[in-house]
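Structure at a glance
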Amino acid sequence: MPQLAFPLTTYRARLTDVQARMRAAGLDAMVITMPDAVHWLTGVDSVGYLWPQGLVVPADEGGQPVFVTRTTEQPGVDACSWLTERRFYDISVTDPVDALIDAVAEAGLGNTRLGLETDAFTMLPSTYLRIVEAFPDAKFSDCSYIVPEARLVKTEAELAYQRQAAAIADHAMRQVLAEVRPGVSELELAGIAARALGEAGGEHAAIPPMVVSGERSALVHCMAGRRVLGRGDVVCIELAGVVNRYHAVLMRTAVIGTPNPRVQEVAELQKQAHLAAVARTAPGVAVHEPEDAAREVLEPAGLHANRCHRIGYSLGVAYPPGWLEPMTMVQGDEHVFVPGMSFTVEPNLHLPEEGFGLKLGETVECTADGPRSMTTLDHDIFVV
């Protein structure tokens, strides 16, 4: 029996929902390659997406998807998915894109309305062009967001996995914060985080633990380096707990010694902005409003220009190299918060001209009664 995170009925229901969305979009079939989408529909759990592979999904209700991947992946597909239709190619003798084209042709989809992902790192331009050239009678359109949109509202079972992941993230963050001290390197702290995540049952995350310190704390997405911590340093930590590929992200900042007044001032304003943003993630609220709430706190202090990026985004199943789902809390995004959504809230600030940055963020869920944070950690800067 395959090792599935959910009952087979759950995957069948997901497929039926996606097929209905495809028909509404005017598609007869689609080819999806993004690993999070493939996993969510089928259970396939592998980093084999580094080589061309794809799931050919017919739009007709009851139609069975066909998964095309390397022979190397067959044991994993057998062990982790419910798929009955598979096509395995030997990469030493078969061109991977030819194998995908052959699967589409064998399914009789060569002259249909066919969806391809135009916004996927796993669909190379050369692959896209070869598929289009192979089927001159097909009508092609983008299907990048059909599966991701179907995933935005989680079931209680999905949220339960994410809450477990958040508890793992809490455990790891406490372990890291307990080891922050002069003489420890960023790399050592990142290693402590990785070990703590694993010891608590966390799977490998789409992004490894990030630790930056001192002036490097303003480098929002830099990985841990060889810098050794000293007194007075600001230390930013970001990590994620993962259960059955469901992610829960957590970000906190520590200071070695008494924070200087400016760091303390900015940290307090960041905390206020964070709490104001979380409060605006209630059902029926437009998803840009948390950003508006944070701006109301930060702009009078001249700090809104120091915001690093969007204040949050939907979060769930993820694989390297990233963990964003399509809902993002920015002007122009038309989503509205509904119960079952889960997302980050992270009003991170970078002040490179002042020599520091601050991270504060966590995973939140929207419930019928309002927002609920998945972390048990407080929101104050951690003082060593």
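By convention here, each chain's residues receive numbers from 1 onward along its written sequence. Given that this is a predicted model, residues contribute local features only at a pLDDT of at least 70 and side-chain atom pairs are listed and counted only at 80 or more, while totals for whole chains, interfaces and linings are drawn from all residues. Hydrogens are left out, water is left out, and the side-chain values use all remaining heavy atoms of the structure.

- Per an unreviewed UniProt entry, the chain is named Creatinase, and its organism is Mycolicibacterium wolinskyi.

Some remarks on the pattern of salt bridges
- When a carboxyl oxygen of Asp or Glu lies within 4 Å of a side-chain nitrogen of Lys or Arg, that pair is called a salt bridge. Per the counting criterion, the structure on display carries 29 salt bridges.
- Two residues, glutamate 85 and arginine 87, come together in a salt bridge whose shortest N-O distance is 3.7 Å.
- For every residue, the accessible area obtained with a 1.4 Å probe (protein chains only) is divided by the maximum for its type, and the residue is called buried under 20%, exposed over 50%, and partly exposed between those limits. For glutamate 85, a relative accessible area of 31% corresponds to the partly exposed category.
- When the shortest N-O distance is used, the salt bridge between glutamate 238 and lysine 359 registers 2.6 Å. Here lysine 359 lies in the loop between β12 (356–358) and β13 (361–367) and glutamate 238 lies in strand β8 (residues 234–243), a separation of 121 residues in the sequence. We note that glutamate 238, like lysine 359, is buried.
- Through salt bridges with shared partners, a single network forms among Asp36, Arg151, Lys154 and Glu325. Under the scheme used here, helices are H or I runs from DSSP no shorter than 4 residues and strands are E runs no shorter than 2 residues, and both carry numbers assigned from the N terminus.

A short note on a nonpolar patch on the surface
- Patch definition: residues with relative accessible area over 30% and no salt bridge; like charges joined within 9 Å; nonpolar side chains (Val, Leu, Ile, Met, Phe, Trp, Tyr) joined within 5 Å. Computed by Shrake-Rupley with a 1.4 Å probe, the accessible areas treat only the displayed protein chains as cover when residues are assessed. Together, Leu50, Trp51 and Ile91 make up an exposed nonpolar region whose accessible area comes to about 300 Å².
- On the basis of relative accessible area, tryptophan 51 is assigned to the partly exposed category, the value being 36%.

Topic: the packing of helix α7 (residues 156–179) against helix α8 (residues 186–199)
- All axes are obtained by fitting lines to C-alpha atoms, using only the stretch in contact for helices, and the reported angles, taken between N-to-C directions, cover 0 to 180 degrees. Close contact between α7 and α8 brings their axes to 8 Å; oriented N to C, the two are set at 145°. Both α7 and α8 take part in a crossing whose hand is right-handed. Contacts from Ile168, Ala169, His171, Ala172, Gln175, Val176 and Glu179 in α7 reach Leu189, Ile192, Ala193, Ala196 and Leu197 in α8.
- Of the residues belonging to the contact of α7 with α8, the class tally is nine nonpolar, two polar and one charged. The crossing is said to be left-handed when, going from far helix to near helix, the turn is anticlockwise and less than a right angle, and right-handed when the turn is clockwise. By the convention used here, residues are in contact when the closest approach between their heavy atoms is within 4.5 Å. Under the scheme applied here, ten amino acids are nonpolar (Ala, Val, Leu, Ile, Met, Phe, Trp, Tyr, Cys and Pro), four are charged (Asp, Glu, Lys and Arg), and all others, including Gly, are polar.

Some words on the nonpolar core
- Counting 58 residues, the largest nonpolar core has Val18, Met30, Ile32, Ile237 and Leu239 as its most contacted members.
- Top element by residues in this core is α7. It accounts for ten residues.
- Counting contributing residues per domain, this core is built from domain 1 (8–151) and domain 2 (156–383), each supplying no fewer than three.
- Residues belong to a common nonpolar core when they are buried Ala, Val, Leu, Ile, Met, Phe, Trp, Tyr or Cys residues joined through side-chain atoms within 4.5 Å. Residues Val263, Val266, Val287 and Phe356 belong to the second largest nonpolar core, which totals 32 residues. The split into domains, and so the bounds of each, comes from an automatic or database assignment of domains.

Structural notes on the layout of surface pockets
- Points on a 1 Å grid over protein atoms alone make up a cavity when a 1.4 Å probe fits among them but cannot get out, and a pocket when they form an open set with protein on both sides within 12 Å along at least five of seven lines; lining residues each have an atom within 4 Å of a point. Grid points are joined across faces, edges and corners, and a volume is the space filled by probe spheres set on the points. Taken as a whole, the largest pocket encloses approximately 410 Å³ of empty space.
- Along its surface, the largest pocket is lined by 24 residues, and Met34, Asp36, Asp119, Leu324 and Glu325 are the ones closest to its centre.
- Broken down by secondary-structure element, the contributors of at least two residues to the lining of the largest pocket are α2 (35–42) and α6 (146–150).
- Here the lining of the largest pocket gets three residues from one element, more than from any other, and that element is α2.
- For the lining of the largest pocket, a count of residues per class yields 17 nonpolar, two polar and five charged.
- Counting contributing residues, the lining of the largest pocket receives three or more from each of domain 1 (8–151) and domain 2 (156–383).
- In this structure, the second largest pocket occupies an estimated 200 Å³ of space.
- Of the residues assigned to the lining of the second largest pocket, the class counts are seven nonpolar, three polar and four charged.

Digging into the domain arrangement of the chain
- The domains assigned to the chain are domain 1 (8–151) and domain 2 (156–383).
- Taken together, the 14 residues of domain 1 in the interface contact twelve residues of domain 2.
- When two parts are brought into contact, each loses some accessible area as probed by a 1.4 Å sphere; the total of that loss over both is the buried area. Summing both sides of the interface, domain 1 and domain 2 together bury roughly 1000 Å²; the carbon and sulfur share of this comes to 52%.
- Per-residue buried area on domain 1 facing domain 2 is highest for His39, Glu149 and Arg151; these three make up 35% of the total on that side.

Quick notes on the pairing of strand β3 (residues 66–70)
- Counting buried positions over the five residues of β3 gives five, a clear majority of the element.
- Relative to β3, strand β2 (residues 54–58) runs antiparallel, the two sharing three bridges. When the sheet's bridge partners are listed, leucine 55 is paired in β3 with phenylalanine 67.
- Two strands pair if DSSP finds at least two bridges between them. As paired strands, β3 and strand β4 (residues 85–89) are joined by five bridges and run parallel to one another.

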